[in-house]
Amino acid sequence: MHGVDITAGPMARRQTGGVVQSVAIVAGLEIGGAALLRTFLLSDATWVVVGLLAVFGAAFAALQIRPRLEEHIAVAFREMRLFALLLGCGIVLIYPFLMQGSSYALHLLITAQLYAVLALALNFQLGSANIPNFATAASYGIGAYSSALLAIHFGISVWLTLPVAAVVATVFGFALGFPAMRTRDTYLALVTIAFGIVIHQLLNNFTWTGGPNGLAGIPAPSILGHSFNSPIILLGFRLPSQANFYYLAAALVALSIVCARLLHHSRVGLAWNALRSDELAARCQGINVVWYKMLAFGVDAFLAAFAGSIYAFYVSYIAPDNFTFLVSVTIMTMVIVGGMDNTFGVIAGAFLLILLPEKLRIFDDYRLLFVGVVVILFLLLRPQGLFPQRPRNYGDH
Amino acid sequence: MRPPLLEARDLTLRFGGLVALDGVDLTLGHSEILCIIGPNGAGKSTLFNLISGIYRPQRGSVRLEGQDITWLPAHRIAAAGVVRTFQTSRLFNDLTLVDNVVIGMHSRTRTGVLTALLQPRAARRELNTAARRAGELIRSLSEDLYERRNTLAGALPQADRRRLEIARALASDPKMVMLDEPSSGMDDRDTDRLIADIRRIMAQRPGLSFVIIEHDMRLVGAIPERVMVLDYGRKIAEGCYADIRVMPRVQEAYLGQKAAHA
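Let us look at the structure shown here. (Residues numbered from 1 in each chain as written. Chains lettered and ligands numbered in written order. Predicted model: local features only at pLDDT ≥ 70, side-chain atom pairs only at ≥ 80, totals over all residues. Heavy atoms only, no water.)

## Side note on the interface of chain A and chain B
In this complex, chain A contributes 38 residues to the contact, which on the side of chain B involves 43 residues. Both faces considered, chain A and chain B share a buried interface measuring about 3,600 Å² in area, 62% of it formed by carbon and sulfur atoms. Summed over the three residues of chain A that lose the most area to chain B, namely R267, Q285 and Y394 of chain A, the buried surface amounts to 22% of that side. Inspection of the chain A/chain B interface yields 3 salt bridges. One salt bridge connects R90 of chain B with D278 of chain A, and the closest N-O pair in it is separated by 2.8 Å. Between chain A and chain B we count 12 residue pairs in polar contact (both at pLDDT 80 or more) in total. Elements with a contribution of two residues or more to the side of chain A that touches chain B: α10 (242–264), α11 (267–277), α12 (279–284) and α13 (289–315) of chain A. The element contributing the most residues to the side of chain A that touches chain B is α11 of chain A, with 8 residues. Here the side of chain A that touches chain B is composed, by residue class, of 19 nonpolar, 12 polar and 7 charged. (Contact = heavy atoms within 4.5 Å. Buried area = accessible area lost by both parts, 1.4 Å probe. Salt bridge = Lys/Arg side-chain N within 4 Å of Asp/Glu carboxyl O. Polar contact = N/O pair within 3.5 Å; in protein donor to acceptor, adjacent residues only side chain to side chain. Helix = DSSP H or I, 4+ residues; strand = E, 2+ residues; numbered from the N terminus. Nonpolar A, V, L, I, M, F, W, Y, C, P; charged D, E, K, R; others polar.)

Right under this line is the structure:
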């Protein structure tokens, strides 16, 4: 019976006296993880990158072989929640200062964070409710184009375009959800693929979207007179201008995590989980399955649009080919590899799938093949994803 | 006069040439237990699927306390107070026991996306209250199950799966519960416990009614006041168990013609 007891076991055995150990586990993992990521980002040597991957793989192999280990870590993070949170925020805040002024490393981090948001958005659908959606890139693109068009043609403040773009994308999300609800499984997947391709083609063919040439000259945002195109100079440190967007993307990731957690630990998250598990049984518990499926499309589009807007302002040039079907597939892979319905896992999946191909450029033509092999190996090692879904915890113990 | 709790009239459903249900009437009073028996393929589960809104009848109607619910979507029927369990239990296997029962309270809780995001405290409070009530509900059925409330439902043994499904059904404070072969796959001891559970639930919840599809004659003899017999989609008998069991038509349907005459 202990084998299946997920929360009670280790909790009961380590009532007190584990504080030092928990702090050590949390601090070790967070600082160690950040240090490994830093080495990974700044290293040019292929053997370092491959070596780090091996360390990563070994860590997950250890977790897979010794489930107790995973349990101890989970308990440590739960007991030291506030400490873990503060330390994590601290690391995120000082991280750009540790990048040796490398704008390339910051660029990778921004891209990875934006994709983390996209993966979190899709996770509401794919992870929580098991609804395939191959159109997340379309919502991403709708967000980017809405913001860019508003900022270029109407000179609307960048900060104001963010919510407007999100609302526009949400309307499209519901519009996709509506016909999609008449189908399910494979057919539903086909409807979303079609939607993604239609949006891509429309962006490609309309003149007011710039056609295949896209939109250029998207203005950079600014806060209190500080333009996001200028470097950050703080206490004698000089951070490249990318650091502005790094912090903006980090804020968006934080917002997404908060949304993900609030929804997961609510009646809505439970309803999504119910229809993932057994749609017929969910209906018979009074859950309006059609509404909750459409809601998942809406929430996915809403968050994806935020990522799209920030992407547009960051690169200041967008084209339809940034938002193709392949992008949607990549986002889906992130959710599946990282771990369905696990917030941290989904973010880890996004970082892995963005950073890996960049760092394996040495393999040249075989780069994507190598990435594919790594993904398959990880899935063989951890079929449930790197960080599988964890049972909910109510405040009663 | 107060209308009966549930009143189904002339329910008919054909699948192609096969008549699954043919003009069946069913009336259920408040705080009543009705048992439905009949050979395999008699249309018992089809009847449940029609009442709970999973299938739609080609003819006939279902009324709940006088309100027509024939064409309501399944989730609205559940919210109106008609809940069910399934022949092969359909728990949310990848969720904990508490989660399963909290989901059962879906139609009695309110939090939507906006509340969850903008009033997180209220949403959290509602969920924690629901979880505590779910724990109490599980405990009232089985102390053993309560100890395992934070484990995954998929790991439960068969008898406990039934019990949890009943707990999930009761979570919405329903007016009536339909149990589809609750004792299937259970041994005698588990069946005795099931009978005791149902009696206790009846005592704790005045006004609650049950419709039970059952094969186990011990359960049929022990619990209901009224038994209805279906065969080939038709109602062939209705009455108290003692009368029903000696009817030649019923014996014929169950044991075959020869055995009945032997």
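So, next bit.
## A short note on the sheet that holds strand β2 (residues 18–28) of chain B
Residues and elements named next belong to chain B. With antiparallel pairing, the 4 strands of this open sheet are ordered in space as β2-β1-β4-β5. One side of each edge strand has no neighbouring strand; the edge strands of this open sheet are β2 and β5 (67–68). Alignment of strand β1 (residues 6–15) against strand β4 (residues 59–64), held across 5 bridges, turns out to be antiparallel. Residue pairing across strands places A8 opposite V62, the latter belonging to β4. Each of β1, β2 and β4 is contacted by helix α1 (residues 44–51), which is oriented at about 65° to β2, the strand it contacts most. (Pairing = 2+ DSSP bridges. Axes fitted to C-alpha atoms, helices over the stretch in contact; angles between N-to-C directions.)

## Some words on the environment of G32 of chain A
By the secondary structure assignment, G32 of chain A is in helix α2 (residues 19–42). On a C-alpha basis, the gap between G32 of chain A and P132 of chain A in space is 35 Å, while along the polypeptide they are 100 residues apart.

## A few points about the environment of P73 of chain B
Residue and element names in this part refer to chain B. For P73, the position within the fold is in the loop between β5 and α2 (74–79). For P73, a relative accessible area of 31% corresponds to the partly exposed category. Each C-alpha atom, one on P73 and one on S52, is 8.6 Å from the other, the two residues being 21 residues apart in sequence. (Buried < 20%, exposed > 50% of the residue type's maximum accessible area, 1.4 Å probe, protein only.)

## So, unusual backbone geometry
Peptide bonds are, in most cases, trans, and in most cases residues other than glycine have a negative phi. Backbone geometry at D341 of chain A places phi at a positive 65°, although glycine is not the residue there. Position of D341 of chain A among the secondary structure elements: in the loop between α14 (325–338) and α15 (343–359). In the Ramachandran plot, D173 of chain B falls in the positive-phi region, its phi being about 50° despite a non-glycine side chain.

## Some remarks on the nonpolar core
In summary, soluble globular proteins display a tendency toward joint burial of nonpolar side chains. Grouped together as the largest cluster of nonpolar side chains are 179 residues, with contacts concentrated most on Y115, W272 and I318 of chain A together with V101, V102, I198 and F210 of chain B. Looking at which domains feed residues into this core, each of domain 1 (1–98) and domain 2 (103–380) of chain A supplies at least three. Those residues in contact with Y115 of chain A, other than ones at most four positions away along the chain, are Y140, V327, I331, M334, A350 and I354 of chain A. One finds L6, V24, L64 and M178 of chain B within the second-largest nonpolar core, a separate group that totals 27 residues. (Core = buried A, V, L, I, M, F, W, Y, C linked by side-chain atoms within 4.5 Å. Domains from an automatic or database assignment.)

## Notes on the pattern of salt bridges
Under the criterion given, the structure shown has 26 salt bridges over all chains. One salt bridge in this structure joins D94 of chain B and R276 of chain A, with 3.3 Å as the shortest N-O distance. One end of the pair, D94 of chain B, is in the loop between β6 (82–84) and α3 (97–104); the other, R276 of chain A, is in helix α11, on a second chain. For R276 of chain A, a relative accessible area of 15% translates into the label buried.

## Some remarks on empty space enclosed by the protein
Across all of its chains, the model carries 4 cavities of 30 Å³ or more by this definition. By volume, the largest cavity amounts to about 90 Å³. Lining the largest cavity are R267, L270 and A271 of chain A together with V102, I103, H106, T109, T111, A123, E126, L127 and A130 of chain B. Among the elements of the structure, α11 of chain A together with α3 and α5 (120–141) of chain B are those that each provide at least two residues to the lining of the largest cavity. Within the lining of the largest cavity, the residues separate by chemical class into 7 nonpolar, 3 polar and 2 charged. (1 Å grid on protein atoms, 1.4 Å probe; cavity = no way out; pocket = protein on both sides within 12 Å on 5 of 7 lines; lining within 4 Å. Points joined across faces, edges and corners; volume = space filled by probe spheres on them.)

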